[in-house]
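# Results of the structural survey
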Amino acid sequence: METKNIMIVGVGGQGTLLTSRILGGITIKAGYDVKLSEVHGMAQRGGSVVTFVRYGEHVNEPIVEEGCADVLIAFERLEALRYAHFLKKDGVIVVNDQRIDPMPVVIGAAKYPENIIEDLEKKYKVLKIDAMAEALKLGNARTFNIIVLGMAAKHMDFAKEDWLEVIEKTVPAKTIEINKQAFEMGYAYEG
């Protein structure tokens, strides 16, 4: 099997690291060699968080090079735009259609770009979901990242039941059922 490259990008506090642990867990369960690398840029202050997950028969290094990602999971629109160049030609971006203003926009030093998703769709295969709105339907806004992961899971090599089993082993015990519901919601979503 050719090595698969997944990137998870978001803003500090969006559950990027939990999502990468679930993804690492499913690749290990499937018997693959897996390497994870997390890059935290001012995550505590709402800065970018990037996680690379590479899996296959034998993986030498954890970093995904530009133009090599099979799937880009983005928890925020601007982060999708910022890292889209990492996607390979036939890759897919799964994006949460949410806007979180970075500090330069908050302080007025920059403008938040308009039409991000529309511009990305001109060049890439983009699947979008307003995962925050979907999570609120479940009654727990914090599950939006698992909804996005559920959507992305359809573009990876693992059975839905295996995803649910890994989620059960990875998330805090009191949140298992709501996270499984969130995953199912994302998995069933037609965006």
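To be clear, the structure that these remarks concern was listed above.
All of the points below concern the structure found in this document. (Residues numbered from 1 in each chain as written. Predicted model: local features only at pLDDT ≥ 70, side-chain atom pairs only at ≥ 80, totals over all residues. Heavy atoms only, no water.)

Along an α-helix, a turn takes 3.6 residues, which lines up residues three or four apart on a common side. The complete set of buried residues in helix H5 (residues 131-138) reads Ala-131, Glu-134 and Ala-135. Relative to the axis of H5, the buried residues are bounded by an arc of 100° and lie together on one face. When the buried face of H5 is taken as reference, the exposed residues oriented beyond 90 degrees from it are Leu-136 and Lys-137. Looking at the packing, one finds that the buried side of H5 touches strand S5 (87-96), strand S6 (125-129), helix H6 (144-153) and helix H8 (176-188). Of the residues flanking the end of H5, it is Gly-139, one or two places downstream, whose phi is positive at about 90°. (Buried < 20%, exposed > 50% of the residue type's maximum accessible area, 1.4 Å probe, protein only. Helix = DSSP H or I, 4+ residues; strand = E, 2+ residues; numbered from the N terminus. Arc of directions from axis to C-beta. Contact = heavy atoms within 4.5 Å.)

This next bit is on the pattern of salt bridges. By the definition in use, this model includes 14 salt bridges. The residue Asp-101 makes a salt bridge to Arg-99 at a minimum N-O spacing of 2.6 Å. Since its relative accessible area comes to 33%, Asp-101 is described here as partly exposed. Given the relative accessible area of 38%, Arg-99 is considered partly exposed. Between Glu-168 and Lys-180 there is a salt bridge, with the nearest N and O atoms lying 2.6 Å from each other. (Salt bridge = Lys/Arg side-chain N within 4 Å of Asp/Glu carboxyl O.)

Attention shifts here to the nonpolar core. Counting 36 residues, the largest nonpolar core has Ile-22, Ile-73, Met-156 and Trp-163 as its most contacted members. Ignoring any residue separated from it by four or fewer positions in sequence, one finds Trp-163 in contact with Ile-22, Leu-23, Ile-26, Leu-149, Ala-153, Met-156, Phe-158 and Phe-183. With 23 residues, the next largest nonpolar core counts Phe-52, Ala-69, Ile-116 and Leu-120 among its residues. (Core = buried A, V, L, I, M, F, W, Y, C linked by side-chain atoms within 4.5 Å.)

The next subject is the packing of aromatic side chains. Under the definition given, this model contains 9 aromatic pairs. Where Tyr-32 meets Tyr-55, the ring centres are 5.3 Å apart and the plane angle is 50°; that geometry is what we call tilted. A residue pair is termed long-range when its members are at least 10 positions apart, and Tyr-32 in the loop between helix H1 (16-29) and strand S2 (33-40) and Tyr-55 in strand S3 (residues 48-56) qualify at 23 residues. On the numbers, 6.1 Å between centres and 45° between planes, the contact of Tyr-83 with Phe-86 is tilted. Among the residues examined, Phe-86 registers a relative accessible area of 13% and is labelled buried. Of the aromatic side chains, those joined through ring pairs into one cluster are Tyr-32, Tyr-55, Phe-158, Trp-163, Phe-183 and Tyr-187. (Phe/Tyr/Trp six-rings, centres within 6.5 Å; stacked < 30°, edge-to-face > 60°.)

On to the packing of H6 against H8. Where H6 contacts H8, the two axes come as close as 6 Å, and the packing angle between them is 45°. Judged by the inter-axis angle, H6 sits oblique to H8. The crossing of H6 and H8 is right-handed. Facing Ile-146, Ile-147, Leu-149, Gly-150, Met-151 and Ala-153 of H6, the residues of H8 in contact are Asn-179, Ala-182, Phe-183, Met-185, Gly-186 and Tyr-187. When its residues are assigned to classes, the contact of H6 with H8 shows 9 nonpolar, 3 polar and no charged. (Axes fitted to C-alpha atoms, helices over the stretch in contact; angles between N-to-C directions. Parallel < 35°, antiparallel > 145°, perpendicular 65-115°, else oblique. Left-handed = near helix turned anticlockwise from the far one by under 90°. Nonpolar A, V, L, I, M, F, W, Y, C, P; charged D, E, K, R; others polar.)

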